[in-house]
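Listed below, chain by chain, are the residues.
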Amino acid sequence: MTHYNTIGNDIDVLLKGSGSLFGKSKILTYDGSFNGFLTAVFNVYEEKITVAGIQREGEIQNALFADNEKVYTNNNKAKRVWKGIQAKNQQALKNIYFAFLSEKKGIELMLLHYIQKMFVNKNTLHMDFSDATVLKISQLAKSVGREKHRMEAFVRFQLTKDGIYFANIEPDFNVLPLISKHFRSRYADQQWIIYDIKRKYGLYYNGISMELISLDVAEIYTNSIRKSDRFLEDEYDYQTLWNNYFKSTNIKSRINKKLHTQHVPKRYWKYLSEKKAI
(Lines give C-alpha, C1' and ligand atoms only; values in the text may rest on other atoms or scores of the structure.)
Protein backbone atom coordinates (compact mmCIF):
# COMPACT_ATOMS: atom_id res chain seq x y z
CA MET A 1 0.00 0.00 0.00
CA THR A 2 3.00 2.32 -0.33
CA HIS A 3 3.36 4.97 -3.04
CA TYR A 4 7.13 5.24 -3.36
CA ASN A 5 7.06 5.59 -7.16
CA THR A 6 4.73 8.57 -7.02
CA ILE A 7 6.58 10.17 -4.10
CA GLY A 8 9.97 9.96 -5.77
CA ASN A 9 13.36 8.89 -4.50
CA ASP A 10 14.32 12.12 -2.77
CA ILE A 11 12.87 12.38 0.73
CA ASP A 12 12.77 16.17 0.33
CA VAL A 13 9.90 15.71 -2.09
CA LEU A 14 8.00 14.11 0.75
CA LEU A 15 9.03 16.35 3.60
CA LYS A 16 8.74 19.81 2.07
CA GLY A 17 4.97 19.93 2.52
CA SER A 18 3.54 22.68 4.64
CA GLY A 19 2.65 20.24 7.42
CA SER A 20 -0.45 22.20 8.33
CA LEU A 21 -4.17 22.19 7.68
CA PHE A 22 -4.13 18.90 5.77
CA GLY A 23 -7.59 17.93 6.96
CA LYS A 24 -9.24 16.61 10.10
CA SER A 25 -6.68 16.18 12.84
CA LYS A 26 -5.60 12.74 14.04
CA ILE A 27 -3.83 11.21 16.98
CA LEU A 28 -1.28 8.68 15.73
CA THR A 29 -0.42 5.70 17.91
CA TYR A 30 2.73 3.66 17.38
CA ASP A 31 4.63 0.81 19.04
CA GLY A 32 7.07 3.01 20.96
CA SER A 33 10.12 2.21 18.81
CA PHE A 34 12.20 4.84 17.05
CA ASN A 35 11.45 3.23 13.69
CA GLY A 36 7.77 3.36 14.60
CA PHE A 37 8.05 7.08 15.25
CA LEU A 38 9.87 7.68 11.96
CA THR A 39 7.16 5.69 10.18
CA ALA A 40 4.60 8.01 11.73
CA VAL A 41 6.54 11.02 10.41
CA PHE A 42 6.54 9.46 6.94
CA ASN A 43 2.79 8.84 7.09
CA VAL A 44 2.10 12.43 8.18
CA TYR A 45 3.43 13.68 4.86
CA GLU A 46 2.42 10.79 2.65
CA GLU A 47 -1.20 10.95 3.81
CA LYS A 48 -1.23 14.72 4.42
CA ILE A 49 -2.30 14.29 8.04
CA THR A 50 -2.96 17.15 10.43
CA VAL A 51 -1.56 15.77 13.68
CA ALA A 52 -3.12 16.43 17.07
CA GLY A 53 -0.69 14.09 18.83
CA ILE A 54 1.64 11.09 18.49
CA GLN A 55 1.34 8.57 21.32
CA ARG A 56 2.77 5.21 22.27
CA GLU A 57 0.44 2.27 22.46
CA GLY A 58 -0.97 1.95 25.95
CA GLU A 59 -0.79 5.70 26.52
CA ILE A 60 -3.70 6.67 24.29
CA GLN A 61 -5.57 9.82 25.25
CA ASN A 62 -8.46 10.89 23.07
CA ALA A 63 -8.68 14.49 21.96
CA LEU A 64 -11.76 16.46 21.06
CA PHE A 65 -12.33 16.63 17.29
CA ALA A 66 -9.48 14.19 16.57
CA ASP A 67 -9.52 10.62 15.27
CA ASN A 68 -7.13 7.88 16.35
CA GLU A 69 -5.01 6.15 13.73
CA LYS A 70 -2.63 3.27 14.37
CA VAL A 71 0.78 3.38 12.72
CA TYR A 72 2.35 0.07 11.74
CA THR A 73 6.14 0.20 11.80
CA ASN A 74 7.65 0.05 8.33
CA ASN A 75 11.45 -0.09 8.31
CA ASN A 76 11.68 1.08 4.70
CA LYS A 77 9.66 4.19 5.46
CA ALA A 78 11.68 4.81 8.63
CA LYS A 79 14.93 4.46 6.70
CA ARG A 80 13.83 7.02 4.13
CA VAL A 81 13.04 9.60 6.79
CA TRP A 82 16.33 8.83 8.60
CA LYS A 83 18.36 9.26 5.41
CA GLY A 84 16.51 12.46 4.59
CA ILE A 85 17.37 13.98 7.96
CA GLN A 86 20.94 12.69 7.69
CA ALA A 87 21.36 14.43 4.34
CA LYS A 88 20.24 17.70 5.91
CA ASN A 89 22.29 17.81 9.09
CA GLN A 90 24.19 15.26 11.17
CA GLN A 91 23.87 17.23 14.42
CA ALA A 92 20.12 17.53 13.97
CA LEU A 93 19.99 13.77 13.41
CA LYS A 94 21.76 13.15 16.72
CA ASN A 95 19.53 15.66 18.52
CA ILE A 96 16.39 13.94 17.24
CA TYR A 97 17.51 10.45 18.30
CA PHE A 98 18.82 11.49 21.71
CA ALA A 99 15.75 13.62 22.47
CA PHE A 100 13.49 10.73 21.48
CA LEU A 101 15.26 8.52 24.02
CA SER A 102 14.45 11.05 26.75
CA GLU A 103 10.89 9.63 26.73
CA LYS A 104 9.59 13.05 27.74
CA LYS A 105 5.82 13.29 27.51
CA GLY A 106 4.85 14.83 24.19
CA ILE A 107 8.34 14.45 22.71
CA GLU A 108 7.03 12.85 19.51
CA LEU A 109 4.92 15.84 18.51
CA MET A 110 7.74 18.19 19.47
CA LEU A 111 10.15 16.23 17.26
CA LEU A 112 7.67 16.24 14.38
CA HIS A 113 7.55 20.05 14.55
CA TYR A 114 11.36 20.11 14.72
CA ILE A 115 11.62 17.95 11.60
CA GLN A 116 9.02 20.02 9.75
CA LYS A 117 10.93 23.20 10.49
CA MET A 118 14.23 21.63 9.49
CA PHE A 119 12.97 20.70 6.02
CA VAL A 120 11.38 24.07 5.43
CA ASN A 121 14.02 26.34 6.92
CA LYS A 122 17.78 26.62 6.59
CA ASN A 123 20.19 23.84 7.52
CA THR A 124 21.37 25.68 10.63
CA LEU A 125 17.99 25.32 12.35
CA HIS A 126 19.55 23.17 15.10
CA MET A 127 21.58 26.24 16.15
CA ASP A 128 18.63 28.63 16.29
CA PHE A 129 18.09 28.63 20.06
CA SER A 130 15.68 31.55 19.79
CA ASP A 131 13.20 28.91 18.62
CA ALA A 132 11.60 27.31 21.71
CA THR A 133 11.29 23.89 20.07
CA VAL A 134 14.91 23.87 18.92
CA LEU A 135 16.12 24.96 22.35
CA LYS A 136 14.11 22.27 24.14
CA ILE A 137 15.26 19.50 21.78
CA SER A 138 18.88 20.59 22.22
CA GLN A 139 18.54 20.63 26.02
CA LEU A 140 16.97 17.18 26.10
CA ALA A 141 19.64 15.77 23.77
CA LYS A 142 22.39 17.11 26.04
CA SER A 143 20.73 15.63 29.13
CA VAL A 144 20.49 12.22 27.46
CA GLY A 145 24.13 12.52 26.36
CA ARG A 146 25.22 13.19 29.95
CA GLU A 147 23.26 10.18 31.17
CA LYS A 148 24.92 8.03 28.49
CA HIS A 149 28.41 9.01 29.67
CA ARG A 150 27.48 8.44 33.30
CA MET A 151 26.17 4.96 32.56
CA GLU A 152 29.37 4.12 30.72
CA ALA A 153 31.34 5.22 33.78
CA PHE A 154 29.15 3.88 36.58
CA VAL A 155 27.99 0.44 35.39
CA ARG A 156 29.38 -2.24 37.73
CA PHE A 157 29.23 -5.89 36.73
CA GLN A 158 28.88 -8.84 39.11
CA LEU A 159 29.91 -12.34 38.04
CA THR A 160 27.08 -14.87 38.19
CA LYS A 161 27.48 -18.58 38.83
CA ASP A 162 26.72 -19.10 35.13
CA GLY A 163 29.87 -17.20 34.21
CA ILE A 164 27.99 -14.15 32.91
CA TYR A 165 28.79 -10.65 34.09
CA PHE A 166 25.54 -8.97 35.11
CA ALA A 167 24.69 -5.35 35.84
CA ASN A 168 21.34 -3.71 36.38
CA ILE A 169 20.83 -0.02 35.76
CA GLU A 170 18.00 2.44 36.33
CA PRO A 171 18.76 5.48 34.17
CA ASP A 172 16.53 8.52 33.93
CA PHE A 173 16.48 8.15 30.15
CA ASN A 174 16.43 5.18 27.80
CA VAL A 175 20.19 5.18 27.12
CA LEU A 176 20.69 1.42 26.77
CA PRO A 177 20.80 1.66 22.94
CA LEU A 178 23.50 4.34 23.25
CA ILE A 179 25.90 2.47 25.55
CA SER A 180 25.89 -0.91 23.77
CA LYS A 181 28.82 -0.02 21.47
CA HIS A 182 30.99 1.10 24.40
CA PHE A 183 30.55 -2.10 26.40
CA ARG A 184 30.77 -4.40 23.40
CA SER A 185 34.14 -2.86 22.57
CA ARG A 186 35.42 -2.79 26.14
CA TYR A 187 34.30 -6.29 27.14
CA ALA A 188 34.51 -8.03 23.78
CA ASP A 189 35.88 -11.29 25.22
CA GLN A 190 33.28 -11.71 27.97
CA GLN A 191 29.63 -12.61 28.23
CA TRP A 192 27.59 -9.91 29.90
CA ILE A 193 24.11 -8.56 30.50
CA ILE A 194 23.15 -4.97 31.20
CA TYR A 195 19.54 -4.84 32.32
CA ASP A 196 17.38 -1.73 32.60
CA ILE A 197 15.08 -2.56 35.49
CA LYS A 198 13.02 0.59 34.93
CA ARG A 199 12.12 -0.31 31.33
CA LYS A 200 12.26 -4.08 31.78
CA TYR A 201 14.63 -4.97 28.98
CA GLY A 202 18.34 -5.52 28.60
CA LEU A 203 21.31 -6.22 26.36
CA TYR A 204 22.91 -9.66 26.29
CA TYR A 205 26.33 -10.11 24.68
CA ASN A 206 27.45 -13.73 24.23
CA GLY A 207 30.99 -12.92 23.11
CA ILE A 208 30.01 -12.81 19.44
CA SER A 209 26.68 -11.08 18.96
CA MET A 210 24.28 -8.94 20.94
CA GLU A 211 20.55 -9.26 21.45
CA LEU A 212 17.73 -7.60 23.33
CA ILE A 213 16.30 -9.65 26.17
CA SER A 214 13.54 -9.48 28.76
CA LEU A 215 14.02 -11.08 32.16
CA ASP A 216 11.83 -11.79 35.14
CA VAL A 217 13.93 -9.77 37.56
CA ALA A 218 12.22 -9.82 40.94
CA GLU A 219 15.26 -8.46 42.76
CA ILE A 220 17.42 -5.40 42.21
CA TYR A 221 21.09 -6.29 42.64
CA THR A 222 23.00 -3.52 44.35
CA ASN A 223 26.25 -3.19 46.29
CA SER A 224 24.57 -3.90 49.64
CA ILE A 225 25.95 -6.39 52.13
CA ARG A 226 22.96 -8.69 51.59
CA LYS A 227 24.31 -11.43 49.36
CA SER A 228 22.50 -13.22 46.56
CA ASP A 229 22.99 -16.88 45.69
CA ARG A 230 23.03 -15.91 42.01
CA PHE A 231 26.59 -14.59 42.27
CA LEU A 232 29.91 -16.22 43.11
CA GLU A 233 31.21 -15.85 46.66
CA ASP A 234 34.46 -14.58 45.15
CA GLU A 235 32.49 -11.70 43.64
CA TYR A 236 31.60 -10.38 47.09
CA ASP A 237 35.19 -10.83 48.28
CA TYR A 238 36.31 -8.73 45.31
CA GLN A 239 33.77 -6.02 46.09
CA THR A 240 34.93 -5.85 49.70
CA LEU A 241 38.56 -5.65 48.58
CA TRP A 242 37.81 -2.87 46.13
CA ASN A 243 35.75 -0.98 48.71
CA ASN A 244 38.57 -1.17 51.25
CA TYR A 245 41.06 0.06 48.65
CA PHE A 246 38.80 2.96 47.75
CA LYS A 247 38.47 4.01 51.38
CA SER A 248 42.19 3.69 52.08
CA THR A 249 43.18 5.94 49.15
CA ASN A 250 40.75 8.70 50.12
CA ILE A 251 42.07 11.65 52.08
CA LYS A 252 39.19 12.78 54.26
CA SER A 253 40.47 16.33 54.65
CA ARG A 254 40.36 16.78 50.86
CA ILE A 255 36.91 15.34 50.27
CA ASN A 256 34.57 17.81 48.58
CA LYS A 257 31.17 16.19 49.06
CA LYS A 258 29.31 18.78 47.01
CA LEU A 259 31.62 18.38 44.02
CA HIS A 260 31.65 14.60 44.40
CA THR A 261 27.85 14.44 44.39
CA GLN A 262 27.78 16.70 41.34
CA HIS A 263 29.93 14.25 39.37
CA VAL A 264 28.57 11.07 40.95
CA PRO A 265 24.89 11.68 41.83
CA LYS A 266 23.59 9.73 44.82
CA ARG A 267 21.09 7.79 42.70
CA TYR A 268 24.03 5.81 41.27
CA TRP A 269 25.66 4.98 44.60
CA LYS A 270 23.68 1.81 45.29
CA TYR A 271 25.25 0.19 42.20
CA LEU A 272 28.88 1.19 42.90
CA SER A 273 31.03 -1.31 44.73
CA GLU A 274 33.23 1.51 46.03
CA LYS A 275 30.14 2.80 47.86
CA LYS A 276 29.36 -0.58 49.40
CA ALA A 277 27.94 -0.43 52.90
CA ILE A 278 30.13 -2.49 55.20
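Just so it is clear, the structure is predicted and the values come from calculations on it, not from any experiment.

A. Structural view of the sheet that holds strand β6 (residues 192–196). Ordered by their spatial adjacency, 5 strands build an open sheet running β4-β5-β6-β7-β8, and the pairing between neighbours is mixed. Pairing within the sheet leaves two strands with one partner each, and these edge strands are β4 (158–159) and β8 (210–213). As defined by bridge partners, strand β7 (residues 201–205) adjoins β8 across 4 bridges and the pair is classed as antiparallel. Across the sheet, residue L203 finds its bridge partner in β8, namely L212. Across the sheet, helix α8 (residues 176–186) touches β5 (165–169), β6, β7 and β8, and the angle it forms with β6 is around 160°.

B. Representation of the packing of aromatic side chains in the model. One pass over the full model with this rule turns up 12 aromatic pairs. Consider the rings of F157 and F183, whose centres lie 5.9 Å apart with planes at 80°: the pair is edge-to-face. In this pair, F157 sits in the loop between α7 (132–154) and β4 while F183 sits in helix α8, placing the two residues 26 residues apart along the sequence. Look at F183 and you get buried, because its relative accessible area is 1%. An aromatic cluster of at least three residues, connected via ring pairs, comprises F34, F37, W82, Y97 and F100. Looking at K94, its charged tip hangs above the ring of F98, at a distance of 5.2 Å from the centre.

C. Region of the structure containing the nonpolar core. Counting residues in hydrophobic clusters, the biggest one holds 53 residues, and the most contacted among them are L28, F37, I85, L111 and I194. Residues within four places of I194 in sequence aside, it is in contact with F157, A167, I169, L176, I179, F183, G202 and L203.

D. A look at the environment of T133. Note that T133 resides in helix α7. Along the backbone, T133 and Y114 are 19 residues apart, and their C-alpha atoms lie at a distance of 6.5 Å. In this view, T133 contacts M110, Y114 and K117; residues no more than four positions away in its chain are not counted.

E. A look at the pattern of salt bridges. Under the criterion given, the structure shown has 8 salt bridges. Between K117 and D131 there is a salt bridge; the shortest N-O distance is 2.9 Å. Of this pair, K117 sits in helix α6 (residues 107–120) while D131 sits in the loop between α6 and α7, placing them 14 residues apart in sequence. Under the relative-accessibility criterion, D131 is labelled buried at 15%. Here E152 and K148 are joined by a salt bridge, their closest N and O atoms 2.8 Å apart. Within this pair, E152 and its partner K148 are both found in helix α7, separated by 4 residues, close to a single helical turn. Under the relative-accessibility criterion, K148 is labelled buried at 16%. Connected through salt bridges with shared partners, the residues E103, D196 and R199 form a single ionic network.

F. How the structure looks around the packing of helix α3 (residues 34–46) against helix α4 (residues 75–88). At a minimum axis distance of 8 Å, the contact between α3 and α4 shows a crossing angle of 80°. Classified by the interaxial angle, the pair formed by α3 and α4 is roughly perpendicular. Along its contact with α3, which presents F34, N35, L38, T39, V41, F42, N43 and E46, the element α4 presents N75, K77, A78, R80, V81 and W82. Its residues assigned to classes, the contact of α3 with α4 comprises 7 nonpolar, 4 polar and 3 charged.

G. Structural view of the sheet that holds strand β3 (residues 67–70). In space, the 3 strands of this open sheet follow the order β2-β1-β3, with parallel pairing throughout. Each end of this open sheet is capped by a strand with a single partner; those strands are β2 (50–56) and β3. Mean inter-strand twist for the sheet, computed between neighbouring axes without regard to direction, equals 30°. Strand direction decides the pairing type here: strand β1 (residues 25–30) and β3, joined by 4 bridges, are parallel. Across the sheet, residue L28 finds its bridge partner in β3, namely E69. Across the sheet, α3 touches β1 and β2, and the angle it forms with β1 is around 155°. α6 rests against β1 and β2 of the sheet, and its axis sits at about 135° to β2.

H. Up close: the pairing of β5. When you tally the buried positions in β5, you get 4 out of 5 residues, the bulk of the element. Where β4 lies against β5, 2 bridges are found, and the strand directions are antiparallel. Within β5, the position partnered with L159 by the bridge is Y165. The hairpin turn running from β4 into β5, its antiparallel successor, is 5 residues long, and G163 in that turn takes a positive phi close to 80°. As defined by bridge partners, β5 adjoins β6 across 5 bridges and the pair is classed as parallel. Among the inter-strand pairings, N168 is bridged to a residue of β6, identified as Y195. As a crossover connection, the stretch from β5 through α8 into β6 is right-handed.

Quick notes on the rules
- Residues numbered from 1 in each chain as written.
- Predicted model: local features only at pLDDT ≥ 70, side-chain atom pairs only at ≥ 80, totals over all residues.
- Heavy atoms only, no water.
- Pairing = 2+ DSSP bridges.
- Helix = DSSP H or I, 4+ residues; strand = E, 2+ residues; numbered from the N terminus.
- Contact = heavy atoms within 4.5 Å.
- Axes fitted to C-alpha atoms, helices over the stretch in contact; angles between N-to-C directions.
- Phe/Tyr/Trp six-rings, centres within 6.5 Å; stacked < 30°, edge-to-face > 60°.
- Buried < 20%, exposed > 50% of the residue type's maximum accessible area, 1.4 Å probe, protein only.
- Lys NZ or Arg CZ within 6 Å of the ring centre and 35° of its normal.
- Core = buried A, V, L, I, M, F, W, Y, C linked by side-chain atoms within 4.5 Å.
- Salt bridge = Lys/Arg side-chain N within 4 Å of Asp/Glu carboxyl O.
- Parallel < 35°, antiparallel > 145°, perpendicular 65-115°, else oblique.
- Nonpolar A, V, L, I, M, F, W, Y, C, P; charged D, E, K, R; others polar.
- Right-handed = clockwise from strand over helix to strand, strands pointing away.

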